[in-house]
Amino acid sequence: MANPMFEVMLVPGCGKGLVARTYIPRGTRILTEKPLFSISNFAATSLTDIVAYVTSQLRTMPKDDQRGFLSLHNAFIRQASPFYGIVRTNSLPFGPDSPELGLFLTCSRLNHSCSPNANHSWNPVTRTENVQAIRDIDPGEEITICYQSAQSSHRGRDNRRDELMKMFGFECHCMICDLPEEDSLESDQRRVEIDQLDTLIGTGDLLAFNAPKALGACRTMLEHLEDEGIQDMRVARCYYDAFQICVSSGDLARASVFARMHIEEMRVCEGDDTPGLKERQAFVEKPESHRLAGISDKWESKVADRARSDHSDFEGWLWRRATY
Ligand SMILES: C[S@@+](CC[C@H](N)C(=O)[O-])C[C@H]1O[C@@H](n2cnc3c(N)ncnc32)[C@H](O)[C@@H]1O
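Residues numbered from 1 in each chain as written. Predicted model: local features only at pLDDT ≥ 70, side-chain atom pairs only at ≥ 80, totals over all residues. Heavy atoms only, no water.

A. Structural detail: the overall build of the chain. Of the regular secondary structure elements, the chain holds twelve helices and ten strands. For the chain, whose C-alpha radius of gyration is 22 Å, the value lies close to the compact-globule estimate of 20 Å for 324 residues. If one aligns the C-alpha atoms of the chain with their principal axes, the spans along those axes are about 65 × 45 × 40 Å. Evaluated residue by residue, the chain yields a buried proportion of 49% over its 324 residues. Carbon and sulfur atoms provide 52% of the accessible area of the chain, an area that totals close to 16200 Å². Of note, the chain has its 37 positive side-chain charges centred 4 Å away from the centre of its 47 negative side-chain charges. (Helix = DSSP H or I, 4+ residues; strand = E, 2+ residues; numbered from the N terminus. Rg over C-alpha atoms; globule rule 2.2 N^0.38 Å. Buried < 20%, exposed > 50% of the residue type's maximum accessible area, 1.4 Å probe, protein only. Areas by Shrake-Rupley, 256 points an atom, 1.4 Å probe, with all protein chains shown as cover. Lys, Arg positive; Asp, Glu negative; His and termini not counted. Charge placed at Lys NZ, Arg CZ, Asp CG, Glu CD.)

As C-alpha cells, this is what we get:
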C-alpha cells in the first residue's frame, strides 16, 4: 500500500527520490521497512560470492520484489555485474559500523544530503529500518538522509564529495554542497570545528580533568550543529555527554535536564521503540543511578533543584558551569 506521506518521483539532478505529499512534523515516523534480504559481511565477501548470493535470494522472491530490486539505481554500471552494483548502491548498514547490510526497496530511494531532514536507523529488535523526520518537512520537499558517518560528514565539502564519489558513485549536489563559495567555506570551517570538539569531548580526558571546559565544548558543538542545520543523533549524543559531565560532577539537577533533552532527541531521531530508551529514561528521575555518579561532588545539586524550560533564564541556568 502506498505511504500517504510521500511519493517516489524524479528529483532534478538526483534520479528518483522520496518527496513529501503532506506536511510532516519533526519526530514523525515516515517509514518502517523490512529488508528484502541482508548480507552479513559485504566488505569481506568476494564479488562472485555476492552475485551468487543475490541470485539465490532473487530466485526465492515474488516477481514484484524481483522487479523492484532490478529497477533500483546502479551507480556502478560500468564497473561490475548489475547485481553487485545494485547492492553496493542501495544497501544500508544495520547500524553505524555494522558489517551487515540490508537491501530495502523504498528506503533505497532516499537521496543523500549533508544536512538531511530525516534520520534512518536500524532497530535490531523489530529488525526494521526506520526513517524519522528530524525537521518539519513541507509538502513538495524532498525527504533526505545522510549516507556518511558523523566523522566523514564533519569534513569539508571537497573531502565529503570525494568520499561520496568513491563509496557511492555520485557527486553530491545537496543544498550544503551547492552553497556559494564563501558560505561553503564557512560551513567547512564549522564542520571541522564540530569534529575537533567531538574528538575533544569523546576522549574523556576533558571530562576527567576540566569539566567546565568539557561542558563548554558541548555547548559550542550544539551551537555549530544548529548553525549547520544538523539535527540528527549528534545532538542527542551531545546532550548525553553533557549529562555525563554533570552527573560525574555531582550536579544532579542539570544532569536530569540533560538526560531529558537526550531522550527527547533520541525519540525524534529513532522513535519511541528504539532499544535502550527505557534504561536512559530512568536517568531523568534518578541520574545518581548512572555509573559515573559519585565521582565528584564539586557541583553538588539535587534533582529537585532543576529549572523548568520556561524559567526566564533557562539557558543561563543550564550552562552556568560551562567555560570554553
Ligand atoms: C540509494 S540511491 C538513491 C535513489 C536514487 N536517486 C534512485 O533514483 O533510485 C543513490 C543514488 O542516488 C543519487 N543521489 C543520492 N543523493 C544524491 C545527491 N545528494 N546528489 C546527487 N545525486 C544523489 C546518486 O545517483 C546515487 O548513486
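B. Summary view of the sheet that holds strand β4 (residues 37-39). Spatially, β4-β6-β5 is the arrangement adopted by the three strands of the open sheet, whose pairing is antiparallel. Edge positions in the sheet fall to β4 and β5 (92-93), since each of these pairs with one other strand and no more. Bridge analysis of β4 against strand β6 (residues 101-103) gives three bridges, and the strand direction is antiparallel. Bridging from a neighbouring strand, Ser38 pairs with Gly102 of β6. (Pairing = 2+ DSSP bridges.)

C. Just the side chain of Asp251, in detail. Examined against the element boundaries, Asp251 turns out to sit in the loop between α9 (233-248) and α10 (252-270). Only 2.6 Å separates the side chain of Asp251 from the side chain of Ser301, close enough to count as a polar contact. (Polar contact = N/O pair within 3.5 Å; in protein donor to acceptor, adjacent residues only side chain to side chain.)

D. Molecular detail of the site of the ligand. Neighbouring the ligand are 19 residues, the closest being Cys14, Lys16, Arg109, Asn111 and His112. Interatomic distance of 3.2 Å between a side-chain N/O atom of His73 and an oxygen atom of the ligand. A distance of 2.8 Å separates a nitrogen atom of the ligand from a polar atom in the backbone of His112. Protein chains shield 93% of the accessible area of the ligand, which is 560 Å² for the free molecule. If you list the elements that add at least two residues to the shell around the ligand, you get β2 (15-20), α3 (82-90) and β7 (111-112). The class makeup of the residues in the shell around the ligand is seven nonpolar, nine polar and three charged. (Near = heavy atom within 4 Å. Nonpolar A, V, L, I, M, F, W, Y, C, P; charged D, E, K, R; others polar.)

E. Molecular detail of empty space enclosed by the protein. Under the defined criterion, the tally for this structure stands at one cavity of 30 Å³ or more. Space inside the largest cavity adds up to approximately 40 Å³. Lining the largest cavity, in full, are Asp198, Met221, Arg234, Arg237, Cys238 and Asp241. When residues in the lining of the largest cavity are grouped by element, the largest group, four residues, is from α9. (1 Å grid on protein atoms, 1.4 Å probe; cavity = no way out; pocket = protein on both sides within 12 Å on 5 of 7 lines; lining within 4 Å. Points joined across faces, edges and corners; volume = space filled by probe spheres on them.)

F. Structural detail: the packing of helix α6 (residues 181-202) against helix α8 (residues 211-227). Interaxial distance between α6 and α8 falls to 9 Å at its minimum, and their mutual angle equals 150°. By the angle class used here, α6 and α8 are roughly antiparallel. Both α6 and α8 take part in a crossing whose hand is left-handed. Judged by residue contacts, Arg190, Glu193, Ile194, Leu197, Asp198 and Ile201 of α6 engage Ala214, Ala217, Cys218, Thr220, Met221, His224, Leu225 and Asp227 from α8. Residues that form the contact of α6 with α8 fall into these classes: eight nonpolar, two polar and four charged. (Axes fitted to C-alpha atoms, helices over the stretch in contact; angles between N-to-C directions. Parallel < 35°, antiparallel > 145°, perpendicular 65-115°, else oblique. Left-handed = near helix turned anticlockwise from the far one by under 90°. Contact = heavy atoms within 4.5 Å.)

G. Quick peek at α10. The end-to-end C-alpha separation of α10 is 26 Å, in line with the 27 Å expected for 19 residues at 1.5 Å each. Counting buried positions along α10 gives 16 out of 19 residues, so the element sits mostly inside the fold. Taken from the residues just after α10, Gly271 is the one with a positive phi, measuring 95°. (Expected span 1.5 Å × (residues − 1).)

H. Local environment of the packing of helix α1 (residues 47-59) against α3. Axis separation between α1 and α3 bottoms out at 9 Å; the angle between their running directions is 90°. With respect to their mutual orientation, α1 and α3 come out roughly perpendicular. Side by side, α1 and α3 meet where Leu47, Ile50, Val51, Val54, Thr55 and Leu58 of the first sit next to Phe83, Tyr84 and Val87 of the second. Per-class residue counts for the contact of α1 with α3 are eight nonpolar, one polar and no charged.

I. Here's a closer look at the sheet that holds β7. As summarised here, the arrangement of the four strands in space is β1-β2-β10-β7, forming an open sheet in which the pairing is mixed. With one partner strand each, in any of the chains shown, β1 (6-11) and β7 form the two edges of the open sheet. Bridge count for β2 against strand β10 (residues 142-145) is two bridges, and the pairing is antiparallel. Across the sheet, the residue bridging to Val19 is Glu142, located in β10.

Remember that the coordinates give geometry; whether it matters functionally is a separate question.
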